[in-house]
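Residue strings, one per chain:
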Amino acid sequence: MTALTESMNWGTELWDQYDNLSIHTLKGIDFLEKYGHFVRDRATIESEYAYKLRRLVKSYQPKKKDEEDYQFTSCMAFKILMNEINDLAGQHEVVAEDLQANVIKELTALVKDLREERKKQLQEGSRLSQTLQNQIESLQRAKKAYDKAFKEAEKAIEGFQKADADFNLSRAEVEKHRTSMAQKTQACDQAKNEYAVQLQQTNQLQKQHFRSGLPEVFRQLQELDEKRIKNIKNFIRSSVDIERNVFPIINKCLDGILKAADIINEKEDTLLVIEKYKSGFQPPEDFPFEDLSKGGSDSGSSNNLNNIQLGGKIKDGGYTVKGTITGKVIKKRAGIFNIFGSRGNAAIADAKDDLSDLPPNQRRKKLQQKMDEIKLKISQESAAREGLMKMKGVYEGNPALGDPRTIESQLNECSHRLEKLQQDLVRYQGYLDEVIRGNQNNSATGSPRLTNGASRSHRNSGGSAADDDSLSSRSASDSSVANPTLNHNKRSAPGTPQLHHGCSNSPESGLGTSHTSLHHADSDQDQYDGNHGDPESEYYEADMLPAIGICRALYPFEATSEGSIRMSIDEELHLVETDQGDGWTRVRRMNGEFEEGFVPTTYIETSVFNT
């Protein structure tokens, strides 16, 4: 069957189907072009699918405000899944690009070549057919001439015979008929010879046309059509290979999605919820029975039930049943330094700084996060300073590379930033130590429980002595938090002036020698007689020096030792005490938050009030 199929070809089997073969080859090329359009549209779909996948992943990327939720395993798995889908989109882009480059481009070029080759072969077939047709027409003309000459010759012979038999005609007439006969016979012979020649040429040309010329054209058309069909098969295989080549990566993406699903752990997520929202408080104790028949009942506890909302929250401050802190207890006491009337701004600023508005467990986590951030910044600044030091050394070793003095200002700025970060680290470490000490005390005496009564805003509100002690211990720590320099002072290097009674007489420790030196938290507690406000949350106005003028900072200044305060350039402060000859001036902030200390006299421009 195969040998028979190979022996059969268009030139021998379809020698008379020129028009049909022309139509068939045109339809075949049109079909190839149609397949090319299909591949192009499929590549477009692959590209659009990849684009939509990427848009889908982009639209579901976690927002910055939701990043904290992505510590849960389910959210982490979803994030990994989106990354894998993004890679999957990339593979569909590869399919589209390879189809465009390896299939569509070659297919378009092939269609163009096939059309040109078909046109060329059809033109050759038309030329051969036209040549044969011209030869056949020549043969027909020669045959017509031969027929005419033969008839004229027969007529001339017949006329001669009649004239020769007619005795009435003269001899001249008979010779005339003889001559005409001879001419017509000769013309007939010539026409006959011409016809024979044209017939021979026509037969040869026709044989050549149908046995070699036209079959060659048909053979070329057959090869062209077979080439088209073969390339369709190759293009289909190439399309499959292109898609199959990305299967391993697609499978890896799918495997990555399965691994992402495997990391989801419902128990771990529930523990993270506990870790995230656990306050560290215990549920409230039972309500005490109040026997109204007995006199002298605590007026403060008589409203316990009224202070509990239906939802389980305490109305007038204090802790809710859920273990959170209500608005009035969030108010941070500014310690003995808060002597200004607008205490609200200072309270908010302190609450944001030491995170005391959070429950103990959450406060510890947030403080640890802040310390980690500060440590990272310290490492970055240290690396930057080391790089500047190396650059300065290089400049000093080879002045042609640069001026070392240009590095000094950058080194100073870097050192100031590093010193500020170290101070912040010490301050947050103090806050964290305070939380740890509070947790240790609670573990020794029992975790703090939520009170069922209203929040105690004053020490003389009818609470117990134990409640007074707890408030006293908290107010002392709050005072140290409100003035961060107190915590920093506890960790200052030996020899640094301390801000308490008996400190050295250096210009920066002038607070200790002045007749209005600041009271220490312990001395305030000793002076408390129970009739005034809380001495740890409100400073006595009688102990505050009045402002005698206003000063403006000419240069920025960082507080590097105890007794001094930081100031920014062009910052305005209250002038409390003028320079006593030691080069330091005592100032106070004007932003409603009590912060007082010494700054270099040469760094400020003073304006004293007229008295």
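This report concerns the structure included in the present document. The structure presented is a predicted model; accordingly, all values stated were derived computationally and were not measured. (Residues numbered from 1 in each chain as written. Predicted model: local features only at pLDDT ≥ 70, side-chain atom pairs only at ≥ 80, totals over all residues. Heavy atoms only, no water.)

### Focus: a nonpolar patch on the surface
- Taken together, the side chains of Leu56, Tyr60, Phe78 and Leu81 define a hydrophobic patch exposed on the protein surface, amounting to about 360 Å² of accessible area.
- Note on placement: Leu81 falls in helix α4 (residues 73-165).
- Note on Leu81: relative accessible area 30%, which makes it partly exposed. (Patch = residues over 30% accessible without salt bridge, like charges linked within 9 Å, V, L, I, M, F, W, Y side chains within 5 Å. Areas by Shrake-Rupley, 256 points an atom, 1.4 Å probe, with all protein chains shown as cover. Salt bridge = Lys/Arg side-chain N within 4 Å of Asp/Glu carboxyl O. Helix = DSSP H or I, 4+ residues; strand = E, 2+ residues; numbered from the N terminus. Buried < 20%, exposed > 50% of the residue type's maximum accessible area, 1.4 Å probe, protein only.)

### Considerations on the sheet that holds strand β4 (residues 596-600)
- If you walk across this open sheet you meet the 5 strands as β4-β3-β2-β1-β5, and the pairing is antiparallel. Edge strands, defined here as strands with exactly one partner in the open sheet, are β4 and β5 (604-608). Ignoring which end each strand starts from, the neighbouring axes of this sheet average 40° apart.
- Bridge count between strand β3 (residues 584-588) and β4: 5 bridges; the pairing is antiparallel. By the bridge assignment for β4, Val587 is matched with Gly597. (Pairing = 2+ DSSP bridges. Axes fitted to C-alpha atoms, helices over the stretch in contact; angles between N-to-C directions.)

### Quick look at helix α5 (residues 171-262)
- Here α5 is 92 residues long and its end C-alpha atoms lie 132 Å apart, about the 136 Å a rise of 1.5 Å per residue gives.
- Considering bend angle alone, the principal kink of α5 is centred on His209 and spans about 50°. (Expected span 1.5 Å × (residues − 1). Bend = angle between axes of the 7 residues up to and from the residue.)

### Side note on the nonpolar core
- If you look at the biggest cluster of nonpolar residues, it comprises 29 residues, and the most contacted ones within it are Leu32, Leu99 and Phe235.
- Counting only elements with at least two residues in this core, the list comes to α3 (18-59), α4 and α5.
- For this core, the leading source of residues is α4, giving 13 residues. (Core = buried A, V, L, I, M, F, W, Y, C linked by side-chain atoms within 4.5 Å.)

### Some remarks on the packing of α3 against α5
- Contact geometry of α3 with α5 gives a least axis separation of 11 Å together with a crossing angle of 15°. As the angle between them shows, α3 and α5 are arranged roughly parallel. Crossing hand, α3 versus α5: left-handed. In this structure, α3 contributes Tyr18, Leu21, His24, Thr25, Gly28, Ile29, Phe31, Leu32, Tyr35 and Arg42 to the contact, and α5 contributes Leu214, Phe218, Leu221, Leu224, Asp225, Arg228, Ile232, Phe235, Ile236, Ser239 and Glu243.
- Considering only residue class, the contact of α3 with α5 consists of 13 nonpolar, 4 polar and 4 charged. (Parallel < 35°, antiparallel > 145°, perpendicular 65-115°, else oblique. Left-handed = near helix turned anticlockwise from the far one by under 90°. Contact = heavy atoms within 4.5 Å. Nonpolar A, V, L, I, M, F, W, Y, C, P; charged D, E, K, R; others polar.)

### Section: the environment of Leu214
- Here Leu214 lies in helix α5.
- Classification of Leu214 by relative accessible area gives buried; the value is 4%.
- Here the alpha-carbon distance between Leu214 and Trp15, two residues 199 residues apart in the chain, equals 7.3 Å.
- Apart from residues no more than four positions distant in its own chain, Leu214 is found in contact with Trp15, Tyr18, Gly125, Leu128 and His209.

### A look at helix α6 (residues 266-277)
- Here α6 spans 17 Å end to end across 12 residues, near enough to the 16 Å set by a 1.5 Å rise per residue.
- Turning to α6, its buried residues are Asp269, Leu272 and Lys276. Axial view of α6: buried residues confined to an arc of 55°, hence all on one face. In α6, the exposed positions angled more than 90 degrees off the buried face are occupied by Lys267 and Leu271.
- Lining the buried residues of α6 we find α4 and α9 (360-397).
- Of the residues flanking the start of α6, the one acting as N-cap is Asn265, its side-chain oxygen 3.0 Å from the backbone nitrogen of Lys267. (Arc of directions from axis to C-beta. Polar contact = N/O pair within 3.5 Å; in protein donor to acceptor, adjacent residues only side chain to side chain.)

### With respect to the environment of Val174
- Along the polypeptide, Val174 turns up in helix α5.
- Residues Val174 and Ala163, spaced 11 residues apart in sequence, show a C-alpha to C-alpha distance of 5.6 Å.

### Quick look at the packing of aromatic side chains
- What the rule picks out here adds up to 10 aromatic pairs.
- Ring centres 6.3 Å apart and planes at 45° place the aromatic pair Tyr146 and Phe150 in the tilted group. Of this pair, Tyr146 and Phe150 are both found in helix α4, 4 residues apart, which corresponds to roughly one turn of the helix.
- Judged by relative accessible area, which is 18%, Tyr146 ranks as buried.
- What makes Phe150 partly exposed here is its relative accessible area of 36%.
- Chaining the aromatic ring pairs together yields one cluster made of Tyr555, Phe557, Trp584 and Tyr603.
- Over the face of the ring belonging to Tyr428 we find Arg427, whose NZ or CZ atom lies 5.1 Å from the ring centre. (Phe/Tyr/Trp six-rings, centres within 6.5 Å; stacked < 30°, edge-to-face > 60°. Lys NZ or Arg CZ within 6 Å of the ring centre and 35° of its normal.)

Remember, this is a structural readout, not a statement about activity or role.
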